[in-house]
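Structure at a glance
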Amino acid sequence: RVARVDTIPPQVTGARAVNNGKVLVRLSEPVKDLDPDGISIIDTLKSDLLNIRSVIPNKEEKNQYFVFTDRQNAETGYRLLIKQICDTTNNCQDSVQYADFSGSADTDTTSFRILKTSPRDSAKNVALHRPVSFQMSKAVDSVSFTSAFTIYTDAGDTLKTIWNWDNLENGFPMIENGFQP
């Protein structure tokens, strides 16, 4: 018996705006990873780039990804371009793949929940060097979230934080100059 071997590279099969800050990208098959640096979204009339904030896999459909963007214009047509994609058996599509979609006026009104914090809320005797992390129920607008987040000293002073994000679902704040005793 001869086993079937996958020799066909993946293709972009479509894209649609889920809301004015999120695009669903469909591929012909699951891929290793979709690199945000290899993706562009262009306004088809003005040729302006739409900023991409993050790219995360769709947990329910392995051949789909969500691309989080700056606010889209509902009256604008966009073209999503992907430079290179490789499937899980290392078949790579080197030619630029694209899909056209229309912008959306819909806003995402589903609120997120904080699923987990580390260290836990109101923890005592936590070492100053211990990292802080938050796990969200869905991707969040990192700009709004971080601007509403504050760490206070016992004296009531505000500590400036720098954030790192993993797929906009896991946030890691760090004190800008470390804790100063």
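Everything here concerns the structure above.
Residues numbered from 1 in each chain as written. Predicted model: local features only at pLDDT ≥ 70, side-chain atom pairs only at ≥ 80, totals over all residues. Heavy atoms only, no water.

Attention shifts here to the overall build of the protein chain. When you go through the protein chain residue by residue, the secondary structure sums to 1 helix and 15 strands. Against the 2.2 N^0.38 benchmark of 16 Å for 181 residues, the protein chain shows a C-alpha radius of gyration of 20 Å, more extended than a compact globule. For the protein chain, the C-alpha atoms occupy an extent of roughly 65 × 50 × 30 Å along the three principal directions. Looking at the 181 residues of the protein chain, the share that counts as buried comes to 35%. Residue pairs in contact within the protein chain that sit at least 24 positions apart in sequence constitute 55% of those at least 6 positions apart. As displayed, the protein chain offers around 11900 Å² of accessible surface, 47% of which is attributable to carbon and sulfur atoms. (Helix = DSSP H or I, 4+ residues; strand = E, 2+ residues; numbered from the N terminus. Rg over C-alpha atoms; globule rule 2.2 N^0.38 Å. Buried < 20%, exposed > 50% of the residue type's maximum accessible area, 1.4 Å probe, protein only. Contact = heavy atoms within 4.5 Å. Areas by Shrake-Rupley, 256 points an atom, 1.4 Å probe, with all protein chains shown as cover.)

Strands belonging to one sheet form pairs held by backbone hydrogen bonds; the direction of such a pair is parallel or antiparallel. A sheet is described by the order of its strands in space; here 4 strands give the open sequence β1-β2-β5-β4, paired in antiparallel fashion. Each edge of the open sheet carries a strand with a single partner, namely β1 (12-19) and β4 (52-57). Sheet twist, expressed as the average angle between the axes of neighbouring strands with direction ignored, equals 20°. Where β1 lies against strand β2 (residues 22-27), 6 bridges are found, and the strand directions are antiparallel. (Pairing = 2+ DSSP bridges. Axes fitted to C-alpha atoms, helices over the stretch in contact; angles between N-to-C directions.)

Here we come to the pattern of salt bridges. Under the criterion given, the structure shown has 2 salt bridges. Measuring nitrogen to oxygen at the nearest pair gives 3.0 Å for the salt bridge that ties R53 to D70. Pair noted here: R53 is in strand β4 and D70 is in the loop between β5 (64-69) and β6 (77-82), with a separation of 17 residues, a long-range link. Among the residues examined, R53 registers a relative accessible area of 37% and is labelled partly exposed. Among the ionic pairs, R79 bridges to D100, the shortest N-O distance being 2.6 Å. Of this pair, R79 sits in strand β6 while D100 is found in strand β9 (residues 97-102), placing the two residues 21 residues apart along the sequence. Residue classification places D100 among the partly exposed positions, given a relative accessible area of 42%. (Salt bridge = Lys/Arg side-chain N within 4 Å of Asp/Glu carboxyl O.)

Moving on: the sheet that holds β6. A sheet is described by the order of its strands in space; here 3 strands give the open sequence β3-β6-β9, paired in antiparallel fashion. In this open sheet, the two strands that pair with only one neighbour each are β3 (39-43) and β9. Put simply, the sheet's adjacent strands are angled 20° from each other on average, direction ignored. Here β6 runs beside β9; their pairing, made up of 6 bridges, is antiparallel. By the bridge assignment for β9, L80 is matched with A99.

Attention now goes to the side chain of N19. Mapped onto the secondary structure, N19 falls in strand β1. At 2.9 Å, the side chain of N19 forms a polar contact with the backbone nitrogen of G21. If near-sequence neighbours (up to four positions away) are discounted, N19 is found in contact with Q72, S104, D106, T107 and D108. (Polar contact = N/O pair within 3.5 Å; in protein donor to acceptor, adjacent residues only side chain to side chain.)

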